[in-house]
Amino acid sequence: MIQQILKDRPTKLFIGFAAFFVANALIAECIGGKIFSLEKLFGFNPVNLTLFGQSGLSFSLTCGVLLWPLEFVMTDIVNEFYGPKAVKRISYTAVALISYAFIMFYASIHIPYADWWPASKASQGIPDMQVAFNGIFGQGMWIIMGSLVAFLVSQVVDVAVFQRIKKATGEKKVWLRATGSTLVSQLIDSFIVLTIAFKLGSNWTWAQVIAVGCVNYMYKFTIAILLTPLIYFAEARIEKYVGKETAMRMKKTAMER
């Protein structure tokens, strides 16, 4: 049985996609606690935007946004070759394993620590390792819930929009269904996570939610456009790996699911 799986290239490819998809999502969640300046990353001073009465807005983003675009690129690729059921399966798996990871983080935070451990890195500028550990892995429950709900809903929306555009255009206009589905799903993702994590969890005003959501979406919109060529590159590599006839058969089967 295992030998048949290892010899079947489409199956091996899907296993690889699923593994990377889950790992990438989990890493994005773990590094999401750090906020970075997009402007400073490229050597510019932070912008000072004013939207919906909220001033001083800049592109201060979580490090997780560096990895999330890859999730949506992979969503479109899996949707193209394996169909919506495959996308939903790996999305549900990712949510389940991320939830498991956060449960383990919570448990590890509350496990009694050795007496010597908190001060073990004091010479390196970390006065309390327990506080540092809690700060990194102890994300608030509202943020966790908002992130997971936003991810799951946006994935379902991405699949639906992708399939609707594909049925209307057939095999043509890959850029339209890939980029279009990502733009719609990321718009929804941006506002769901902020609404749950900060409107419900931290009493933000709706003006704050909308303003920050718009800034975040500007970044996601730009990245979605810039990554469009990656879709074509990935499709070409997959066709070369599994063979053109097999790739066409996979796409046709994906349309029927």
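The preceding data block contains the structure.
Residues numbered from 1 in each chain as written. Predicted model: local features only at pLDDT ≥ 70, side-chain atom pairs only at ≥ 80, totals over all residues. Heavy atoms only, no water.

Considering helix 5 (residues 84-110)
Helical geometry: 3.6 residues make up each α-helical turn, so side chains three or four residues apart lie on a common side.
Then, number 1: An ideal rise of 1.5 Å per residue puts 39 Å on 27 residues; helix 5 measures up with 39 Å between its terminal C-alpha atoms.
Then, number 2: Every buried residue belonging to helix 5 is among Pro84, Ala86, Val87, Ile90, Ser91, Ala94, Val95, Ile98, Ala101, Phe102, Phe105 and Ile109, and all of these are buried. (Helix = DSSP H or I, 4+ residues; strand = E, 2+ residues; numbered from the N terminus. Expected span 1.5 Å × (residues − 1). Buried < 20%, exposed > 50% of the residue type's maximum accessible area, 1.4 Å probe, protein only.)

Things to note about the pairing of strand 3 (residues 54-57)
Then, number 1: Inspection of the sheet shows strand 2 (residues 49-51) paired to strand 3 by 2 bridges, in the antiparallel sense. In the strand pairing of strand 3, leucine 49 is matched with leucine 57.
Then, number 2: Count of turn residues in the strand 2/strand 3 antiparallel hairpin: 2 residues, of which phenylalanine 52 carries a positive phi of about 50°. (Pairing = 2+ DSSP bridges.)

Concerning the nonpolar core
Then, number 1: Counting 36 residues, the largest nonpolar core has Phe17, Ile77, Val78, Phe81, Tyr82 and Ile238 as the members making the most contacts within it.
Then, number 2: Secondary structure elements with two or more residues in this core: helix 2 (9-31), helix 4 (68-82), helix 5, helix 7 (141-169), helix 8 (174-202), helix 10 (228-242) and helix 11 (244-256).
Then, number 3: Core analysis: the next-biggest nonpolar cluster, separate from the first, contains 10 residues, Phe36, Leu38, Phe59 and Ala211 among them. (Core = buried A, V, L, I, M, F, W, Y, C linked by side-chain atoms within 4.5 Å.)

Thoughts on the packing of aromatic side chains
Then, number 1: Considering all chains together, one arrives at 9 aromatic pairs under this definition.
Then, number 2: Consider the rings of tryptophan 117 and phenylalanine 133, whose centres lie 6.1 Å apart with planes at 75°: the pair is edge-to-face. In this pair, tryptophan 117 sits in the loop between helix 5 and helix 6 (129-137) while phenylalanine 133 sits in helix 6, placing the two residues 16 residues apart along the sequence.
Then, number 3: Relative to phenylalanine 137, the ring of phenylalanine 133 lies with its centre 4.8 Å away and its plane at 40°, an arrangement referred to as tilted. (Phe/Tyr/Trp six-rings, centres within 6.5 Å; stacked < 30°, edge-to-face > 60°.)

Examining the environment of isoleucine 192
Then, number 1: Relative to the helices and strands, isoleucine 192 resides in helix 8.
Then, number 2: Spatially, the C-alpha atom of isoleucine 192 lies 9.9 Å from that of leucine 148, the residues being 44 residues apart in sequence.
Then, number 3: In contact with isoleucine 192, other than residues within four places in its own chain, are Gly146, Val149, Ala150 and Val153. (Contact = heavy atoms within 4.5 Å.)

Details of unusual backbone geometry
Then, number 1: The residue phenylalanine 52 is not glycine, and still its phi comes out positive at about 50°.
Then, number 2: Checked against the element boundaries, phenylalanine 52 lands in the loop between strand 2 and strand 3.
Then, number 3: Judged by its relative accessible area of 52%, phenylalanine 52 is exposed.
Then, number 4: Of note, asparagine 203 is a non-glycine position whose phi angle comes to about 60°, a positive value.
Then, number 5: Position of asparagine 203 among the secondary structure elements: in the loop between helix 8 and helix 9 (206-226).
Then, number 6: Judged by its relative accessible area of 66%, asparagine 203 is exposed.

Things to note about the pattern of salt bridges
Oppositely charged side chains can form a pair if their charged atoms are brought close together.
Then, number 1: All told, the structure shown has 6 salt bridges when counted by the stated rule.
Then, number 2: Glutamate 80 serves as the salt-bridge partner of lysine 251, at 3.8 Å between the closest nitrogen and oxygen. You can see lysine 251 sitting in helix 11 and its partner glutamate 80 sitting in helix 4, a full 171 residues away along the chain.
Then, number 3: The buried category is assigned to lysine 251, whose relative accessible area is 5%.
Then, number 4: Across the salt bridge formed by lysine 251 and glutamate 235, the nearest N and O atoms sit 3.0 Å from each other. Taken together, the residues lysine 251 in helix 11 and glutamate 235 in helix 10 connect sequence positions 16 residues apart.
Then, number 5: Connected via shared salt-bridge partners are Glu80, Lys166, Arg177, Glu235, Glu239 and Lys251. (Salt bridge = Lys/Arg side-chain N within 4 Å of Asp/Glu carboxyl O.)

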